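Here are the chains, one letter per residue:
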Amino acid sequence: MTQNSIISVRVRHADPLVMAGLVALLDREPDFDVQAASDIHRGCADVVVTDYGSAMGLLAASPETVNGADASLRDLPRPRVVVMTRQDKEGEIAQAMHSGVRGYLLQSADPLELVDAIRHVARGGSHYLCNRAAALFDSCPPRTWLTAREEDVLRFLVKGDCNKGIARKLDISANTVKAHVARICEKLHVRSRAQVAIQATQRGLVRA
């Protein structure tokens, strides 16, 4: 946050109408410096308000990608990300928070709650979730959080690939895939690959 207490906010949303509404809402706040951004991977801000997919892409990117080619920007702290989305599955919420998202609000939340969330995270507050997101997040035990490799295996498993096919695509052994599948079944409290696929789809545990 700048010394004069103005909070710089960059807004990027995949839905143009939602984006326009967010900019109009936030621009009314006297302590917000709001910018609509076509590319949130360049420049810096105190808080970035964005959709789920853009947030995950931003947090997964390297500092060089996030800050562009200007080397003077690469040492700046990465902005705190607040997600505004329709995604209301526990898997998406858990993955977002696990990846470093600081705030998560559903588009059904009170508009003024977004303003509170931005101020909260800009001032260094802990994670901010709207009531619905908090309830879903609390219902997702940490044990169901998958490792990166388990997520890779799960993504192909849901598509119907066999262990050998998954092994070829991930360049690992079929026995290693089998071990990952067993661990995924244990975390999801299911006993078969079919049940894994159903659970993963219903709970939003598979990233696109």
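Conventions adopted
Note on numbering: residues in each chain are counted from 1, in written sequence order. The predicted nature of this model means local features are confined to residues of pLDDT at least 70 and side-chain atom pairs, given and counted, to a pLDDT of 80 or more, with totals for whole chains, interfaces and linings taken over all residues. Calculated side-chain values reflect all of the structure's heavy atoms, with hydrogen atoms and water omitted. Centres within 6.5 Å make a pair out of two Phe, Tyr or Trp rings, where for Trp the six-membered ring is used; the pair is then stacked when the planes are under 30 degrees apart, edge-to-face when over 60, and tilted otherwise. Geometrically, a charge over a ring is one whose NZ (Lys) or CZ (Arg) sits within 6 Å of the ring centre while staying within 35 degrees of the ring normal. Each pair of strands is called paired provided DSSP finds at least two bridges between the two strands. In this description a helix means any DSSP run of H or I spanning at least four residues, a strand means any run of E spanning at least two, and both kinds are numbered starting from the N terminus. A contact between two residues is defined here by any heavy atoms of the two lying within 4.5 Å. For every element, the axis is a line fit to its C-alpha atoms; helices are fit only across the contacting stretch, and the angle between N-to-C directions ranges from 0 to 180 degrees. You can read pLDDT as the predictor saying how much it trusts each residue, on a scale of 0 to 100.

A. Fine view of the packing of aromatic side chains. Following the criterion strictly, the structure yields zero aromatic pairs and no others. In this structure, Arg155 packs its charged tip against the face of Phe156, placed 5.3 Å from the ring centre.

B. Quick look at the sheet that holds strand E6 (residues 128–129). Spatial ordering of the open sheet is given by E2-E1-E3-E4-E5-E6, a layout of six strands whose pairing is parallel. The open sheet has two edge strands with one neighbour each: strand E2 (32–36) and E6. As defined by bridge partners, strand E1 (residues 7–12) adjoins E2 across five bridges and the pair is classed as parallel. Bridge pairing in E2 links Ile7 to Phe32. Taken strand by strand, helix H1 (residues 16–26) contacts E1, E2, strand E3 (47–50) and strand E4 (80–85), and its axis lies near 165° from that of E1.

C. Expanded view of the confidence of the model for the protein. Looking at the protein as a whole, the pLDDT averages 82, with 83% of positions reaching at least 70. In this model residues 62–74 is a low-confidence stretch, pLDDT under 50, and it forms 19 contacts with partners more than four residues away in sequence or in other chains.

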